[in-house]
Amino acid sequence: MASKYILPCFRLKTGNRVKKEKDNECLSYRNELVEALDRAKGKLEATWKALDPIVSKPEYQNYGEQLFDVLYTGGLLAADGKLSTRGDLKLRTSYCVFKTHDELNALRIYEQLVMRLRRRHKHLDAVFEEHAQRYIRQLAKFDMGARRRLALLMALYLIDGQLNPRSLLELGTDQANIDDGLAMEFMLLICGALKSERGSSFMLQVLKKSGLEHKIISFMPPMLRSDLYFRQVYQESDLNEVIELHEERAGLALRQQLKQRLLDDFREKLPQLEIVMNVRQFQRERHMSDSEIIGIVWQTINETNANMKTHSSASPEQALRKLQIYAPLLNALCSTDSAQIALLMRLQEWCYEHHSLFKSFERLAVHLYRAGVLNEDAIVRWYEVDHIDKGKVAFLKQMHRFVRWLHSDTDANARVDYNSFMIHRQPVEPIYSDAVSTKLKFAKYA
């Protein structure tokens with residue numbers, strides 16, 4: 001059988017030959033970059049002028065990641081995180097991010113250099129963010145000094161808008177970074193740099209854009225992960241704003257959990273005694289205060305009836321029926337003055353937001369007093385000190401006669417005058433939680 005004829009001037013390229021040519025091209029690119037960086041000696045303008053013509057060469061258009069490798073580490077980074085030792089020429093330059101001074105001003109040279117290169121050579125944009133995320137995932141492969149410089153460089157990228165804040169989520173993709181405390185260390189450095197350069201407001205804005213405000217504590221080692229240790233670590237780094245953000249988000253999550261549990265209990269029509277026991281158990285486990293609990297319970301009660309959410313349909317009669325239904329539950333949970341004052345503030349806000357209830361604040365407050373939910377001290381304290389601004393003038397005016405009657409404890413005539421327009425109190429049956437016994441609060445008048 002005759003063999004196929006191949007033109008003598010034509011040479012077929014095998015896969016191995018193509019790979020070898022690419023490797024040689026990549027090494028050539030690296031060597032040119034290293035020589036250019038050595039000539040520029042870390043000066044911004046000189047480095048820019050030296051690198052620009054090299055990056056512009058058409059044969060190097062597909063080696064954006066290799067350019068960032070050289071700028072960060074001084075050479076090509078292998079898959080294991082170590083510098084590649086391939087090639088015969090000089091393998092590494094000391095004029096790179098990982099070898100520069102450990103301060104923002106020194107790293108700003110490389111941040112500005114990357115910005116100029118990206119603006120001039122658009123093919124670098126396609127690999128910049130992916131390359132940055134790869135380095136964030138590979139923290140364990142770098143030494144402490146390199147990790148610190150990388151964190152400060154990423155902070156500069158975030159400040160100038162070069163890096164999407166959501167790239168920081170890559171810290172949580174490698175469990176080894178979390179277990180060894182590297183992710184926590186990285187976040188502390190970034191937050192500290194953002195705060196020192198642009199202020200706490202900008203730092204918090206970046207955290208919210210990144211989606212880290214809900215999970216920043218998850219970057220701590222599992223064995224040390226607690227609110228107490230989180231507070232200690234971030235206080236030592238002068239990052240109290242991050243602590244407040246975490247506590248705020250954690251509080252929102254807790255409130256949502258309790259609200260959902262209450263809605264489920266209401267939907268199942270559990271006895272109010274059982275609901276109180278569930279709430280107290282939740283309160284003990286999460287270390288929540290009585291005033292926090294009563295605020296969530298009040299909000300959930302109002303959400304059980306969709307009609308009460310609208311300003312037009314909420315009527316005093318509906319509000320009174322709702323309070324009558326849930327008075328035993330509120331009575332059991334309002335075992336402290338702080339909880340009762342918190343309830344009054346919620347009631348004030350509710351009547352302010354529902355125009356049809358604006359003139360019924362006194363009527364509803366007195367109903368809660370007669371039901372044993374509120375006592376005299378809490379009402380007087382709210383009236384004199386702890387009221388909120390919403391509807392303040394109108395509501396204090398409404399309550400003036402009732403509070404004056406409370407003060408006239410020894411004046412029998414005053415009690416008779418007030419009883420002329422107020423129905424005698426009907427005591428409610430007490431409910432006891434598993435934590436605090438609720439005592440009946442009897443009226444001062446019979």
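Fair warning: this is a prediction, and the values are worked out from it, not measured in the lab.

Colleague: Would you mind going over the overall build of the chain with me for this structure?
Modeller: Scanning the chain from N- to C-terminus turns up 19 helices and 0 strands. When contacts within the chain are restricted to residue pairs at least 6 apart in sequence, long-range pairs at least 24 apart make up 70% of them. With an accessible surface of roughly 23100 Å², the chain has 51% of that area assigned to carbon and sulfur atoms.

Colleague: What should I look at first to understand the confidence of the model for the chain in this one?
Modeller: Interpretation of this model should avoid reading the predicted coordinates in detail wherever pLDDT is low. On average, residues of the chain carry a pLDDT of 82, and 82% of them reach 70 or more. The secondary-structure element of the chain with the lowest mean pLDDT is helix 19 (residues 412-419), recorded at 47, while helix 6 (residues 144-159) shows the highest, at 95. A low-confidence stretch, residues 9-13 (pLDDT under 50), is modelled with 4 contacts involving residues beyond four sequence positions or located in other chains.

Colleague: Is there a simple way to explain helix 2 (residues 44-55) in this structure?
Modeller: Helical periodicity: at 3.6 residues per turn, an α-helix aligns residues three or four positions apart in one direction. End to end, helix 2 covers 16 Å across 12 residues, agreeing with the expected 16 Å (1.5 Å per residue, within 8%). Turning to helix 2, its buried residues number three or more, namely Thr47, Trp48, Ala50, Leu51, Asp52, Ile54 and Val55.

Colleague: Sorry, what's going on with the packing of aromatic side chains here?
Modeller: In this description, an aromatic ring pair is defined by two values, namely the gap between the centres and the angle between the planes. Under the definition given, this model contains 18 aromatic pairs. Pairing Phe361 with Phe395 gives two aromatic rings, centres 4.8 Å apart and planes at 25°, and the pair type is stacked. Taken as a pair, Phe361 in helix 16 (residues 361-370) and Phe395 in helix 18 (residues 392-407) lie far apart in primary sequence, 34 residues in all. Residues Phe361 and Phe395 agree in their burial class; the two are buried. An aromatic cluster of three or more residues is present, and its members are Phe68, Tyr72, Phe98, Phe128, Tyr135, Phe142 and Tyr157. Sitting over the ring of Phe202, Arg198 keeps its end group 4.4 Å from the ring centre.

Colleague: Even after reading the chapter, I still don't get unusual backbone geometry, so can you show me in this structure?
Modeller: Glycine aside, negative phi is the norm for most residues, and most peptide bonds take the trans geometry. Phi is positive for Lys41, which is not a glycine, with a value near 55°. Positionally, Lys41 belongs in the loop between helix 1 (15-40) and helix 2. Positive phi outside glycine occurs at Lys269, with the angle close to 55°. Mapped onto the elements, Lys269 comes out in the loop between helix 11 (240-267) and helix 12 (272-286).

Colleague: In this structure, what is going on with the side chain of Ser210? I would like to understand it.
Modeller: Tracing the backbone shows Ser210 in helix 9 (residues 200-210). By relative accessible area, Ser210 is classed as buried at 0%. Only 3.3 Å separates the side chain of Ser210 from the backbone nitrogen of Leu212, close enough to count as a polar contact. If near-sequence neighbours (up to four positions away) are discounted, Ser210 is found in contact with Pro165, Arg166 and Leu169.

Colleague: Which parts of the structure should I look at to understand the environment of Arg231?
Modeller: Position of Arg231 among the secondary structure elements: in helix 10 (residues 227-236). Taking the C-alpha atoms as reference points, Arg231 and Ile217, 14 residues apart in sequence, are found 9.9 Å from one another. Once you skip the residues sitting within four places of it in the chain, Arg231 turns out to touch Ile243 and Glu247.

Colleague: Is there a simple way to explain helix 4 (residues 104-120) in this structure?
Modeller: Look at helix 4: 24 Å from first C-alpha to last across 17 residues, which is about the 24 Å you get at 1.5 Å a residue. Restricting attention to buried positions, one finds in helix 4 the residues Leu104, Ala106, Leu107, Tyr110, Glu111, Leu113, Val114, Met115, Leu117 and Arg118. Residues of helix 4 that are buried sit in contact with helix 2, helix 3 (64-73), helix 5 (125-137), helix 6 and helix 8 (182-198).

Colleague: Honestly, the pattern of salt bridges in this entry has me stumped. Any pointers?
Modeller: Should the charged atoms of two oppositely charged side chains come close, the side chains can pair. Within this structure, the stated rule accounts for 19 salt bridges. Ionic pairing is found between Glu32 and Lys57, a salt bridge with its closest N-O pair at 2.8 Å. In this pair, Glu32 is assigned in helix 1 and Lys57 in the loop between helix 2 and helix 3, connecting sequence segments 25 residues apart. Put simply, Arg134 and Glu65 hold a salt bridge, and the shortest N to O gap is 3.8 Å. Of this pair, Arg134 sits in helix 5 while Glu65 sits in helix 3; the two residues are 69 residues apart in sequence, bridging distant segments of the chain. For Glu65, a relative accessible area of 27% corresponds to the partly exposed category. Here the salt bridges share partners, and the residues they tie into one network are Glu65, Asp69 and Arg134.

Rules behind the numbers
- The residue numbers shown here count from 1 along each chain, following its written sequence.
- In keeping with the model being predicted, local features are shown solely for residues with a pLDDT of at least 70 and side-chain atom pairs are shown and tallied solely at 80 or more, while totals for entire chains, interfaces and linings include all residues.
- Excluded from the side-chain calculation are hydrogens and water; included are all heavy atoms of the structure.
- Each helix corresponds to a stretch of at least 4 residues labelled H or I by DSSP, and each strand to a stretch of at least 2 residues labelled E; elements are numbered beginning at the N terminus.
- Contacts are assigned to residue pairs that have any heavy atoms within 4.5 Å of one another.
- All accessibility values rest on the Shrake-Rupley procedure with a 1.4 Å probe; residue burial counts only the protein chains present in the view.
- Each residue gets a pLDDT score, which is the predictor's confidence in that residue and runs from 0 to 100.
- The length a helix should cover is 1.5 Å for every residue beyond the first.
- Note on classification: 1.4 Å probe, protein chains only; a residue is buried when its accessible area is under 20% of the maximum for its type, exposed when over 50%, partly exposed between these limits.
- Between rings of Phe, Tyr and Trp, where Trp is taken as its six-membered ring, a pair exists when centres lie within 6.5 Å; planes separated by under 30 degrees are stacked, by over 60 edge-to-face, and by other angles tilted.
- Here, over-ring charges are defined by two tests on the NZ atom of lysine or the CZ atom of arginine: distance to the ring centre within 6 Å, and angle to the ring normal within 35 degrees.
- Between N or O atoms, a polar contact is any pair within 3.5 Å; within protein, one atom must be a potential hydrogen donor and the other a potential acceptor, and residues adjacent in sequence are included only when both atoms are from side chains.
- Should a side-chain nitrogen of Lys or Arg be within 4 Å of a carboxyl oxygen of Asp or Glu, the pair is scored as a salt bridge.

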